[in-house]
Amino acid sequence: EPEVTQTPSHQVTQMGQEVILRCVPISNHLYFYWYRQILGQKVEFLVSFYNNEISEKSEIFDDQFSVERPDGSNFTLKIRSTKLEDSAMYFCASKGGDYGYTFGSGTRLTVV
Amino acid sequence: SQQGEEDPQALSIQEGENATMNCSYKTSINNLQWYRQNSGRGLVHLILIRSNEREKHSGRLRVTLDTSKKSSSLLITASRAADTASYFCATQRDGTGGFKTIFGAGTRLFVKA
């Protein structure tokens, strides 16, 4: 069964450093998303991406965040200058049509 | 903004019993989905019910949707210890780019063997 792959599974970074979280969505999917989940809290929408541009973003997705699909297969989330409160599980998801998302297994980001 | 809210927040049952989780939301939707999350793991899509559907089955799962009450329920029949997980409802509306989905806070289900 097709999978969404996320790397790394766990990333530890110093506050103020830049991180890039990587995702390989399902190949024939057209819509891509990033969500995050702070430990013990609900899953929060960050951004959706379609046709090589951001189609919608939440209040969380401020200027510190950016997304890219650099080569037609990878879908990346960059946090420019990490803060302690960015520590969370970050989930990538892709969607092919009018159906549910396929989520990756997540990247646990720990900012110290 | 629309939001799925599940209740109960936590549910503990014996293996073999049925588990019912409820979800309420605030605005009109295209569809509602249920996801499962094992502790510290990714989200697994369980079932999607469209706004014009009232009930859907998948194996031991039964989902109902009442758009007049803006609520949904997920029933897991004959529960097993392996069903222990958090269950989230997610409402999907037509956003500007591919159906933005909003998740509720989830119900933690614990099935005792």
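Calculation criteria
- The residue numbers shown here count from 1 along each chain, following its written sequence.
- Lettering of chains starts at A and numbering of ligands starts at 1, both following the order in which they are written.
- Predicted model: local features are reported for residues with pLDDT of at least 70 only, side-chain atom pairs are reported and counted for 80 or more only, and whole-chain, interface and lining totals are derived from all residues.
- As a rule here, side-chain values cover all heavy atoms of the structure and leave hydrogens and water aside.
- Confidence of the predictor at the level of single residues is given by pLDDT, which spans 0 to 100.
- By the criteria applied, helices consist of DSSP H or I runs no shorter than four residues and strands consist of E runs no shorter than two, each listed in order from the N terminus.
- To qualify as a nonpolar core, a set must consist of buried Ala, Val, Leu, Ile, Met, Phe, Trp, Tyr and Cys residues joined through side-chain atoms within 4.5 Å.
- The rule is simple: take the accessible area with a 1.4 Å probe, protein chains only, and divide by the maximum for that residue type; under 20% is buried, over 50% is exposed, in between is partly exposed.
- Only heavy atoms enter the contact rule, under which two residues are in contact if any of them lie within 4.5 Å.
- Note: buried area is the sum, over both parts, of the accessible area (probe 1.4 Å) each one loses when the two are combined.
- Any Lys or Arg side-chain nitrogen located within 4 Å of an Asp or Glu carboxyl oxygen qualifies as a salt bridge.
- Residues adjacent in sequence count toward polar contacts only when both atoms are side-chain atoms; beyond that, a polar contact is any pair of N or O atoms within 3.5 Å, and within protein one must be able to donate a hydrogen and the other to accept it.
- When DSSP finds two or more bridges between a pair of strands, those strands are recorded as paired.
- Each axis is a line fitted through C-alpha atoms, and for a helix only the stretch in contact is used; angles between axes span 0 to 180 degrees, taken between their N-to-C directions.
- Throughout, a disulfide means two cysteine sulfur atoms within 2.5 Å of one another.

Q: Can you tell me about the confidence of the model for chain B, naming the residues and giving the values?
A: Averaged over chain B, the pLDDT score is 88; the fraction of residues at 70 or greater is 90%. Per-element mean pLDDT across chain B ranges from 78 in strand β1 (residues 5-7) of chain B up to 97 in strand β7 (residues 61-66) of chain B.

Q: An account of the nonpolar core is requested, with residue identities and associated values reported.
A: Trp34(A), Leu46(A), Phe61(A), Val67(A), Phe75(A), Leu77(A) and Tyr90(A) are the most contacted members of the largest nonpolar core, which has 22 residues in total. Secondary-structure elements contributing two or more residues to this core are β3 (19-24), β4 (31-37), β5 (43-50), β7 (65-68), β8 (75-79), β9 (88-95) and β11 (107-111) of chain A. Counting residues in hydrophobic clusters, the runner-up holds 21 residues, among them Ile13(B), Met21(B), Val63(B) and Tyr87(B).

Q: So what about the interface of chain B and chain A? Which residues, and what values?
A: Facing the 26 residues of chain B at the interface are 21 residues of chain A. When chain B packs against chain A, close to 1900 Å² is buried across both sides, 51% of that on carbon and sulfur atoms. The interface formed by chain B and chain A contains 0 salt bridges. In this structure, the connection of chain B to chain A is made through 2 residue pairs in polar contact (both at pLDDT 80 or more).

Q: Kindly report on the sheet that holds strand β8 (residues 71-76) of chain B, identifying the contributing residues and their values.
A: All names here are of chain B. Taken in spatial order, the 5 strands of this open sheet run β1-β3-β8-β7-β6, and their pairing is antiparallel. Each edge of the sheet is formed by a strand with only one pairing partner; in this case those strands are β1 and β6 (55-58). Neighbour-to-neighbour, the strand axes of this sheet turn through a mean angle of 20°, independent of strand direction.

Q: Pulling in residues and values, what's your account of the state of the cysteines?
A: As used here, a disulfide is simply a covalent bond connecting the sulfur atoms of two cysteines. Under the counting rule described, the total for this entry stands at 2 disulfides over all chains. Linked covalently through their sulfurs, Cys23(A) and Cys92(A) form a disulfide whose S-S length is 1.9 Å. Measuring handedness by torsion sign, the sulfur bridge of Cys23(A) and Cys92(A) sits at about -60° and is left-handed. In this pair, Cys23(A) sits in strand β3 while Cys92(A) sits in strand β9, placing the two residues 69 residues apart along the sequence. The two residues Cys23(A) and Cys92(A) agree in class, both being buried. The residue that forms a disulfide with Cys23(B) is Cys89(B), at a sulfur-sulfur distance of 2.0 Å. Since a negative S-S torsion denotes a left-handed disulfide, the Cys23(B)-Cys89(B) link at about 60° is right-handed.

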